[in-house]
Amino acid sequence: MVLVVLGIDALDPELVEPARHPNLALDTHHAIATINSVEGEPSTHELWPTIITGLEPAEHGLTLDDDGVAWENPLLNVGSRLADYVLPDSVQSRLGAWILTNTTADAFRTPASYYAERGIETVFDAFDATTIGIPNYVVDPDETDREHQLRQNMGDLFERDPDAKGGHTSADPVEFYEQCLEMVMIRLARARRHLRGGDSELVFAYTSGLDLVGHIAYDNLGLQREAYDELDDFVGEVRADLDDTDELLLVSDHGLQDGVHTHEAMVAATDEDIIERIESVLDVRAAIEGELTGVDHRPDDRAVERTGSDQGDAVREQLEDLGYM
Ligand SMILES: [Zn+2]
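Residues numbered from 1 in each chain as written. Predicted model: local features only at pLDDT ≥ 70, side-chain atom pairs only at ≥ 80, totals over all residues.

Undergrad: Mind showing me how you'd approach the overall build of the protein chain here?
TA: Looking only at helices and strands, one finds 13 helices and ten strands in the protein chain. Buried residues in the protein chain amount to 41% of all 325 residues. The contacts in the protein chain between residues at least 6 apart in sequence include a share of 73% that link residues at least 24 apart. (Helix = DSSP H or I, 4+ residues; strand = E, 2+ residues; numbered from the N terminus. Buried ≥ 20, exposed ≤ 12 C-beta atoms within 10 Å, placed from the backbone. Contact = placed C-beta atoms within 7 Å.)

Written out as structure tokens, the structure reads:
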């Protein structure tokens, strides 16, 4: 009786092929509307707070025009545009490296207390919830996991490049791909652990791996397709761990094609009732709350329950063997 939500950054409704990706399409899926930032494209920094609060970026206050911490930070763009014109190459690349190193460590690290302090409700307030790596909802600022560590140490595997189609280049796209897929695996594994542990009614895990692959795959679309194929396998593993009463919801903040964010996000679910009223990123919170309120997802003692049913099967088999059934 657990609702598992996987927040998959940049999962693009146009790149999910239901026949090829049954676990990304689930039983039902559709494209949803998203919101552009001042930069003109949808922003991870703004949208995950929107998804968990149901509020427009201006209402929750975590917007690109006010904060200096996002990947899509205007500083990064201004810095690199400026560097194009006034700085020699060596200084330019050092500046680029400095900006990257000095912003990734802080990227998306707004503490969860931000919301309560401003009287902003989130989808987690009324439920037993486990949150894993959600951008700008950091429960323990000292906690980092393998995805955080990989993100902070990408070096020349992921560098801003204003001349590149998607604004980024990688010194080694294949090695970068490996690291991004490891990020996806660690976050989905953590979600599975909490699903199996049965300690929460809501498990909400986020990963940025697919987004990162997309940003450098503009000249190697095969890599992006491979990432969708692998992601489908990993989500399938989570899905295989669901019991009859558990549900799975996938949600994204925007799409990503040819190295740049696109203006459509998506939802997919194991139950049509969960997503039928989601038309935009603003509706996700209400949909999760509706599901958790309407259906009892509170933790059960699933270890005991499993042992019980296994024993039941064993007893039934013995009785069958003995000819009583
Ligand atoms: Zn994003």
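Undergrad: What is the right way to read the packing of helix H8 (residues 173–197) against helix H9 (residues 209–216) from this model?
TA: Relative orientation and spacing of two packed helices are given, respectively, by the angle between their axes and the distance between those axes. For the pair H8 and H9, interaxial distance at closest approach is 8 Å and the crossing angle is 165°. With respect to H9, the element H8 is oriented roughly antiparallel. The way H8 lies across H9 gives a crossing that is left-handed. Where H8 abuts H9, its residues Pro 173, Phe 176, Tyr 177, Cys 180, Leu 181, Met 183 and Val 184 lie against Gly 209, Leu 210, Leu 212, Val 213 and Ile 216. (Axes fitted to C-alpha atoms, helices over the stretch in contact; angles between N-to-C directions. Parallel < 35°, antiparallel > 145°, perpendicular 65-115°, else oblique. Left-handed = near helix turned anticlockwise from the far one by under 90°.)

Undergrad: Just to check I follow, could you spell out the pairing of strand E1 (residues 3–8) for this structure?
TA: The side chains of a regular strand alternate between both faces of the sheet. Burial of E1 is extensive: six of the six residues sit out of reach of the surface. As judged from the six bridges shared by E1 and strand E6 (residues 202–207), these two strands associate in the parallel manner. Residue pairing for E6: Leu 6 is matched across the bridge by Ala 205. (Pairing = 2+ DSSP bridges.)

Undergrad: What's the story with the environment of Thr 63 in this structure? I'm lost.
TA: Within the secondary structure, Thr 63 is located in the loop between helix H3 (57–60) and helix H4 (74–86). With 18 residues separating them along the chain, Thr 63 and His 45 place their C-alpha atoms 7.1 Å apart.

Undergrad: What is the right way to read the sheet that holds E6 from this model?
TA: Strand-to-strand pairing in sheets goes through backbone hydrogen bonds, with the strands running parallel or antiparallel. Spatially, the six strands line up as an open sheet ordered E2-E10-E7-E1-E6-E3, and their pairing is mixed. With one partner strand each, in any of the chains shown, strand E2 (28–33) and strand E3 (129–132) form the two edges of the open sheet. Ignoring which end each strand starts from, the neighbouring axes of this sheet average 15° apart. Judged from the five bridges that link them, E1 and strand E7 (residues 247–251) form a sheet pairing that is parallel. Bridge pairing in E7 places Val 4 opposite Leu 248.

Undergrad: Looking at this structure, I do not really get the confidence of the model for the protein chain. What am I missing?
TA: Interpretation of the predicted coordinates at a detailed level should be avoided for regions scoring low in pLDDT. Predicted confidence across the protein chain gives a mean pLDDT of 85, with 79% of residues reaching 70 or more. In the model, residues 92–105 has pLDDT below 50 throughout and makes 20 contacts with residues more than four positions away in sequence or in other chains. (pLDDT = per-residue confidence, 0-100.)

Undergrad: Help me out: how do you make sense of the nonpolar core in this one?
TA: Soluble globular proteins tend to bury their nonpolar side chains together. Counting 71 residues, the largest nonpolar core has Val 4, Val 5, Leu 6, Ala 191, Leu 249, Leu 250 and Val 267 as its most contacted members. Once residues lying within four places of it in the same chain are set aside, the contact partners of Ala 191 are Val 4, Leu 6, Ile 132, Val 203, Ala 205 and Val 238. (Core = buried A, V, L, I, M, F, W, Y, C linked by C-beta atoms within 7 Å.)

Undergrad: Before we go on, may I ask you to explain H9 in this structure?
TA: Residue pairs spaced three or four apart in an α-helix point in one direction, given the helix's 3.6 residues per turn. For H9, the buried fraction is high: eight of the eight residues fall into the buried class. Burial in H9 covers these residues: Gly 209, Leu 210, Asp 211, Leu 212, Val 213, Gly 214, His 215 and Ile 216.

Undergrad: Hey, could you run me through the environment of Pro 49 in this one?
TA: Inspection of the secondary structure puts Pro 49 in helix H2 (residues 44–53). Sequence-wise, Pro 49 and Thr 122 are 73 residues apart; in three dimensions their C-alpha atoms are separated by 8.5 Å. Those residues in contact with Pro 49, other than ones at most four positions away along the chain, are His 60, Leu 62 and Asn 136.

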